[in-house]
Amino acid sequence: VAASALWSPDSKRIVCAYQSNNMPVGTYIMDIDGSNKRKLIYDVTYFYRDGYHTIYLISHSGVDSVFFSNLDGTQNEFVVNLYDFVSTHTGGVRVYDFDPDNNELLLSFDDPSTALPNIIAKYNITQRRLDTIAVSDSGSKYYRPKFSNDFKKIAVIEVQFGNVGGDSLTTYKISLFEGGIKSTLLEFKEPGAFLDFNPFSFSHDDKYFAFTKNVLIPGYYVSWNSYLYVIKLDTKQVTYIDRGITPIWNPMVPH
């Protein structure tokens with residue numbers, strides 16, 4: 001089965017990673033009609049603008065190592081081992097997005113020994129510089145940081161855990177960071193409802209944002225319904241779309 005797919009920047013090719021019995025069997029690139037299919041020697045994570053050079057990751061124990069390569073496999077360079085930035089050596093650090101214009105990785109740091117707080121940061125590959133964007137407050141945590149398509153904004157899922165200050169309900173937010181300023185795009189606190197941690201995303205014109213809310217179904221085992229919504233960023237108007245999960249904007253349509 002095709003376990004994941006990644007579009008090239010010009011939307012003319014697609015990279016698919018295949019699995020068999022939950023084990024990886026290879027990554028292939030092909031035209032969008034399935035022709036010109038060939039196997040790659042690594043799993044593409046992010047494309048540069050030229051659609052030829054790529055970033056790929058090798059993960060171990062919650063930490064990503066970063067490599068630079070190209071689609072022909074004629075160029076392959078080690079970039080950085082992010083373990084070097086985990087001071088306690090008990091935590092993890094993951095790459096969640098990549099800005100090819102500024103050559104920056106978007107990172108989330110975590111320390112499972114304390115769980116809270118955690119850090120969102122950017123690592124500039126060219127300058128080899130790590131810049132902190134935000135540190136979560138006591139009792140809260142950031143998840144899944146994501147660049148807007150113009151790379152001027154960063155969206156994160158923010159969870160304020162229950163039983164903080166006497167409130168037993170957990171608060172879920174979609175928070176935006178722009179120019180060092182944090183704002184709240186969405187906030188809710190409902191019994192049995194939570195934000196989905198699957199990837200959520202800006203529309204290609206950065207005018208809308210899609211997310212999924214899960215609502216638990218009472219019963220003897222854990223299950224839930226998933227509801228897809230879209231937020232208009234300039235007015236923060238929320239529109240319900242349909243039941244679904246993991247929203248993906250059509251790369252062929254400039255929303």
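Here, the structure is the one placed above.
Computed from a predicted structure; not experimentally measured.

### With respect to the sheet that holds strand β16 (residues 181–188)
A sheet is described by the order of its strands in space; here four strands give the open sequence β13-β14-β15-β16, paired in antiparallel fashion. The open sheet has two edge strands, β13 (140–147) and β16, and neither has a second partner. Averaged over all neighbouring strand pairs, the angle between strand axes comes to 25°, with direction disregarded. Pairing geometry for strand β14 (residues 154–160) and strand β15 (residues 171–178), over seven bridges, is antiparallel. Of the residues in β15, the one forming a bridge with Glu158 is Lys173.

### A short note on the nonpolar core
As a rule of thumb, nonpolar side chains are buried together in soluble globular proteins. Residues Ile174, Leu185, Leu195, Phe200, Phe209 and Phe211 are the most contacted members of the largest nonpolar core, which totals 20 residues. Listed by contribution, the elements that provide at least two residues to this core are β14, β15, β16, β17 (193–195), β19 (208–216) and β20 (224–232). Those residues in contact with Phe209, other than ones at most four positions away along the chain, are Ala155, Ile174, Leu185, Phe200, Ser201, Phe202, Tyr229, Val230, Ile231, Leu233 and Trp249. Residues Val63, Val80, Leu82 and Val95 belong to the second largest nonpolar core, which totals 18 residues.

### Quick look at unusual backbone geometry
Even without glycine at this site, Phe151 takes up a positive phi of about 65°. Here Phe151 shows up in the loop between β13 and β14. Residue Phe151 is classed as buried on the basis of its relative accessible area of 17%. For Lys236, which is not glycine, the phi torsion reads 65° and is therefore positive.

### Quick word on the packing of aromatic side chains
Here the structure, examined in full by the defined rule, presents 17 aromatic pairs. Aromatic pair Tyr48 and Phe98: ring centres 5.1 Å apart, planes at 75°, arrangement edge-to-face. Here Phe98 lies in strand β9 (residues 92–99) and Tyr48 lies in the loop between β5 (46–47) and β6 (53–60), a separation of 50 residues in the sequence. We note that Tyr48, like Phe98, is buried. Measuring from ring centre to ring centre gives 5.4 Å for Phe194 and Trp224, while their planes differ by 80°; the resulting arrangement is edge-to-face.

### Remarks on a nonpolar patch on the surface
The grouping of Leu216, Val222 and Trp224 at the surface amounts to a nonpolar patch, some 310 Å² of accessible area in total. Tracing the backbone shows Val222 in the loop between β19 and β20.

### Structural notes on the environment of Ala155
Relative to the assigned elements, Ala155 resides in strand β14. The sequence separation of Ala155 and Lys182 amounts to 27 residues, and the corresponding C-alpha distance is 9.6 Å. With residues up to four places along the chain from it excluded, the contact list for Ala155 reads Arg144, Pro145, Lys146, Ser175, Leu176, Phe200, Phe202 and Phe209.

### Examining the pattern of salt bridges
For the coordinates displayed, the defined rule picks out 11 salt bridges. Lys141 is the salt-bridge partner of Asp110, the closest N and O atoms lying 3.2 Å from each other. With Asp110 in strand β10 (residues 104–110) and Lys141 in strand β13, this residue pair connects regions lying 31 residues apart in the sequence. Residue Lys141 is classed as buried on the basis of its relative accessible area, which comes to 12%.

### Some remarks on the pairing of β6
Side chains on a regular strand alternate between the two faces of the sheet. Across two bridges, β5 lies against β6 in antiparallel orientation. Bridging from a neighbouring strand, Phe47 pairs with Thr54 of β6. The antiparallel hairpin formed by β5 and β6 contains five residues in its connecting segment, where Gly51 sits at a positive phi of about 70°. Where β6 meets strand β7 (residues 63–70), eight bridges bridge the pair, whose relative direction is antiparallel. Note on β7: the bridge partner recorded for His53 is Asn70. Adjacent in sequence and paired antiparallel, β6 and β7 are bridged by two residues, among which Ser61 carries a positive phi angle near 55°.

Thresholds applied
- Residues numbered from 1 in each chain as written.
- Predicted model: local features only at pLDDT ≥ 70, side-chain atom pairs only at ≥ 80, totals over all residues.
- Heavy atoms only, no water.
- Pairing = 2+ DSSP bridges.
- Helix = DSSP H or I, 4+ residues; strand = E, 2+ residues; numbered from the N terminus.
- Axes fitted to C-alpha atoms, helices over the stretch in contact; angles between N-to-C directions.
- Core = buried A, V, L, I, M, F, W, Y, C linked by side-chain atoms within 4.5 Å.
- Buried < 20%, exposed > 50% of the residue type's maximum accessible area, 1.4 Å probe, protein only.
- Contact = heavy atoms within 4.5 Å.
- Phe/Tyr/Trp six-rings, centres within 6.5 Å; stacked < 30°, edge-to-face > 60°.
- Patch = residues over 30% accessible without salt bridge, like charges linked within 9 Å, V, L, I, M, F, W, Y side chains within 5 Å.
- Areas by Shrake-Rupley, 256 points an atom, 1.4 Å probe, with all protein chains shown as cover.
- Salt bridge = Lys/Arg side-chain N within 4 Å of Asp/Glu carboxyl O.

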